Amino acid sequence: MDLTPLSNADLRTAPLRRDHCTLSDWSSACAALDAGRLTLLALWGEAAAVRMALLDEGARRIGLLTLPAETAFPSVGRHHPPAQRLERAVADLWGLVPAGAPDARPWLGHGAPYPFLPVEGDSLHQVPVGPVHAGIIEPGHFRFTAQGETVVRLEERLGYVHKGIEALMTGAVLARGAELAGRTSGDSCVAYQWAFAQAAEAGLACPAPPRAEHIRAVLAELERLANHLGDIGAICNDAAFAMMLAQCSILREGLLRATATAFGHRMGKDVIAPGGVSRDLTPEGVAAIRAALTAVAARLPRLVALYDGTASLQDRTVGTGRLSPALARQFGAGGFVGRAAGRSFDTRRSLPYGPYAELSFVVPARDEGDVNARVWLRIEEAQASLGLLDQLLSGLPGGPVQSGLVPSGPAEGIGLVEGFRGDVFVHLALGPDGRIARCHLRDPSWFQWPLLEAAIEGNIIADFPLCNKSFNCSYSGHDL
Amino acid sequence: MRKFLLQGLTSRPLIEAAPLPADPAVEELGRALQARLRGGLGRSLTIRAVDAGSCNGCELEIHALANPFYDLERFGLHFAASPRHADVLLVTGPVTRNMAEALRRSYAATPDPKWVVSAGDCARDGGCFAGSPAILGGVGAVVPVDLHIPGCPPSPTALLQGLLALLERAATGA
């Protein structure tokens, strides 16, 4: 399908036109998704319409389709399984029924008893886990069907932390929208607030000043580095290798403290706002960040050598929880989940924004798709972030950090930012009064959670925590 | 790995800038906490964390309590895998409609005497999520709360301070 009528450039740079598409456009998009020519970026509902964002990876373009719909729309999921959960969420939140959908069960709505998929076969037993888990993690339910110790099927049930974020957005002023965006998935607050700001700035055709964009990138790379370090440790801890968790958490804590010194918040929350950043980076802040980075750069290689040289740990991670490159590609899996399984997409390189086009960095990629590959991806991305931060801190441009953006409308824009977990997509529509008419936030986890179900198949139940942590999908970002 | 461990044992601590920069505030808090634990509750306090709808920011800081800077366990505080083993339920998030029943059951499964600590601004009254039909409100809307720890998210130091305040209150029978 030709996306030209929908977009002639990266849609993030300018306001969106709101054109309705026809049923035949919608069907040809479904066919293109089915054939693997396009990747599904997002699918969401709004009053009397359903919308779909598509990515043409070859042409590096994003397109948007808007199909008017009163009560129903033709199911995308029947052609393209990655759309199924998104459609079920549309049905729950907007009452728009995906006609012909293979799975009509609710997803985010938990009002009625939930029929899990039937299982038939010899010697099968089921293990229900959650929503309250043994560890300190978010709530979700996992229904394992096992034969002996081997997992035959995992079925996830999510939606437990659905907070109605998109409904709260409607009618809110931009500042309130940014606050909510930063609390959609706490570990990615910077990525969300940047994507939200990007959408607002694109819609209002009012870009943030270069210094603000640089500071945003500093925050984003600090967030990525801190999360990768924390998770490398946590994955090893799930293989009972606690020393790595202790070591990595020391480095992570150092980064959080430096972020607090530089930006007044340990996770850099509420620094990024539409129009720029609320807080400039001072020389003292730069020094604090540099000191933390020096500590990481000095100690990380020793930890990597420890990971690489511990056979008992590798025995748990190599070959475990293997995700096939075909599935990663079909689901458009972002972040280290996709890049560890052959899908080399990174928004910072493929659809650059902010200062990334001017920076040099490698985007690591692997094909094995196992826990080990995901650990290595995180190690290599952490190393890349160290390099990026060095360039960013050395090349901070001068000038203001606020553009003085004035909300007005109607206006629409989208944002796409590479969080540590993958690409965070935001669509924002402002009404005539400059207030939010509709905001959709799509976490990368939407396309990673289903792949966890595939990756665990054939593994033993005892390896699930390891697989789950190596994916580290967001519950809150997904449940909204 | 053996070499790695031996180095840590025989030379200085593994962390090159040894010893860990023990934050005096954390140290003091921890000592006070330990004194209270010895007095009122034997030697330890077991905590069960329940996420009733948080954005996962609070969970990150609760995890940080276990890192070598705060090292919660040296003060006799630990996290349990089940509410049945807990003295304290540490509840985060606004309570979503979809988590309310799970929170009620976790509370019912915790043996008496028990305390509930809500952590995070949204756990007080829904915070920035207040007014959403998908949530029931703060933690207090579903289970009785003994203490609230503010912050978005509360820092590990704030969490320690909160636990201390809880013990003060428990000891005076308030």
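First, a word on what this report is: a plain description of the structure on this page. In this text, all values refer to a predicted model and were calculated from it rather than measured experimentally.

Examining the overall build of chain A
Step number 1: The secondary structure content of chain A amounts to 16 helices and 13 strands.
Step number 2: When the backbone C-alpha atoms are referred to their principal axes, chain A occupies close to 60 × 55 × 40 Å.
Step number 3: Taken over 480 residues, chain A has a buried fraction of 62%.
Step number 4: A separation of at least 24 residues holds for 68% of the contacts in chain A among residues at least 6 apart in sequence.

Things to note about the interface of chain A and chain B
Step number 1: The interface is formed by 49 residues belonging to chain A together with 48 residues belonging to chain B.
Step number 2: Here chain A and chain B share an interface that buries about 3,900 Å² over both sides, 63% of which is from carbon and sulfur atoms.
Step number 3: Linking chain A with chain B are 1 salt bridge, by the criterion used here.
Step number 4: Note that arginine 266 of chain A is salt-bridged to glutamate 61 of chain B, the shortest N-O span being 2.5 Å.
Step number 5: Our enumeration of links across chain A and chain B arrives at 22 residue pairs in polar contact (both at pLDDT 80 or more).
Step number 6: Listed by contribution, the elements that provide at least two residues to the side of chain A that touches chain B are α3 (165-169), α4 (174-181), α7 (242-263) and α8 (283-309) of chain A.
Step number 7: Per-element accounting of the side of chain A that touches chain B gives the leading share, 9 residues, to α7 of chain A.

Here we look at empty space enclosed by the protein
Residue and element names in this part refer to chain A.
Step number 1: What the rule picks out here adds up to 6 cavities of 30 Å³ or more.
Step number 2: Volume-wise, the largest cavity comes out at about 140 Å³.
Step number 3: If you trace the largest cavity, you find 17 residues lining it, with Glu223, Ala226, Leu256, Arg266 and Met267 closest to the centre.
Step number 4: Only α5 (189-203), α6 (210-238) and α7 provide two or more residues apiece to the lining of the largest cavity.
Step number 5: At 5 residues, α6 tops the list of elements feeding residues into the lining of the largest cavity.
Step number 6: Tallied by class, the residues present in the lining of the largest cavity amount to 9 nonpolar, 4 polar and 4 charged.
Step number 7: Each pocket or cavity is described by its volume, and for the second largest cavity that value is around 100 Å³.
Step number 8: Surrounding the second largest cavity, 14 residues form its lining, Leu43, Ala89, Val90, Leu93 and His440 being those nearest its centre.
Step number 9: Of all elements in the fold, only β1 (39-46), α2 (84-94) and β13 (436-442) reach the threshold of two or more residues within the lining of the second largest cavity.

Let's talk about the sheet that holds strand β7 (residues 141-147) of chain A
All names here are of chain A.
Step number 1: Reading across the sheet, the 3 strands line up as β6-β7-β8 and stay open at both edges, with antiparallel pairing between neighbours. Among the strands making up the open sheet, the edge pair consists of β6 (124-129) and β8 (150-157). Across the sheet, the axes of successive neighbouring strands diverge by a mean angle of 20°, strand direction being ignored.
Step number 2: Sheet analysis places β6 next to β7, joined by 6 bridges and oriented antiparallel.

Thoughts on the side chain of threonine 317 of chain A
Step number 1: Tracing the chain through its elements places threonine 317 of chain A in helix α9 (residues 311-317).
Step number 2: Among residues more than four places away in sequence, those in contact with threonine 317 of chain A are Tyr307, Asp370, Val371 and Asn372 of chain A.

Considering the pairing of strand β1 (residues 45-51) of chain B
All names here are of chain B.
Step number 1: Across the 7 residues of β1, 7 count as buried, placing the element largely inside the fold.
Step number 2: Pairing of β1 with strand β2 (residues 77-79) involves 3 bridges; the strand directions are parallel. Bridge pairing in β2 places threonine 46 opposite histidine 78.
Step number 3: In the sheet, β1 pairs with strand β3 (residues 88-92) via 5 bridges, with the strands oriented parallel. Note that in β3 the partner of valine 50 across the bridge is valine 91.

Focus: helix α4 (residues 100-109) of chain B
Step number 1: Buried within α4 of chain B we find Ala100, Ala102, Leu103, Ser106 and Ala109 of chain B.
Step number 2: As for α4 of chain B, its buried residues are in contact with β1, β3, β4 (95-96) and β6 (135-137) of chain B.

Thresholds, definitions, all that
Per chain, the residues get numbers from 1 upward, laid out in the order the sequence is written. Chains carry letters from A onward and ligands carry numbers from 1 onward, assigned in written order. Where totals are concerned, whole chains, interfaces and linings use all residues; where local detail is concerned, this predicted model gives features only for residues with pLDDT of at least 70, and gives and counts side-chain atom pairs only at 80 or more. Hydrogen atoms and water are omitted, and side-chain values are computed over all heavy atoms in the structure. Strands are runs of DSSP state E lasting at least two residues, helices are runs of H or I lasting at least four, and both sets are numbered from the N terminus onward. For every residue, the accessible area obtained with a 1.4 Å probe (protein chains only) is divided by the maximum for its type, and the residue is called buried under 20%, exposed over 50%, and partly exposed between those limits. In what follows, a contact means two residues having at least one pair of non-hydrogen atoms within 4.5 Å. Two parts placed together each lose some accessible area under a 1.4 Å probe, and the buried area is that loss summed for both. In what follows, salt bridge is the name for a side-chain nitrogen of Lys or Arg lying within 4 Å of a carboxyl oxygen of Asp or Glu. Nitrogen and oxygen atoms within 3.5 Å of one another constitute a polar contact, given that in protein one can donate a hydrogen and the other can accept it, and given that sequence-neighbouring residues count only through two side-chain atoms. Every definition here rests on a 1 Å grid over the protein atoms only: cavities are sets of points where a 1.4 Å probe fits but cannot get out, pockets are open sets enclosed by protein on both sides within 12 Å along at least five of seven lines, and lining residues have some atom within 4 Å of a point. Grid points are joined across faces, edges and corners, and a volume is the space filled by probe spheres set on the points. Each residue receives one of three labels: charged for Asp, Glu, Lys and Arg, nonpolar for Ala, Val, Leu, Ile, Met, Phe, Trp, Tyr, Cys and Pro, and polar for the others, Gly being one of them. Strands are treated as partners if at least two bridges between them are detected by DSSP. Geometry is summarised by axes, namely lines fitted to C-alpha atoms with helices restricted to the contacting stretch, and by angles between N-to-C directions that run from 0 to 180 degrees.

Just distances and angles here, no functional claims.
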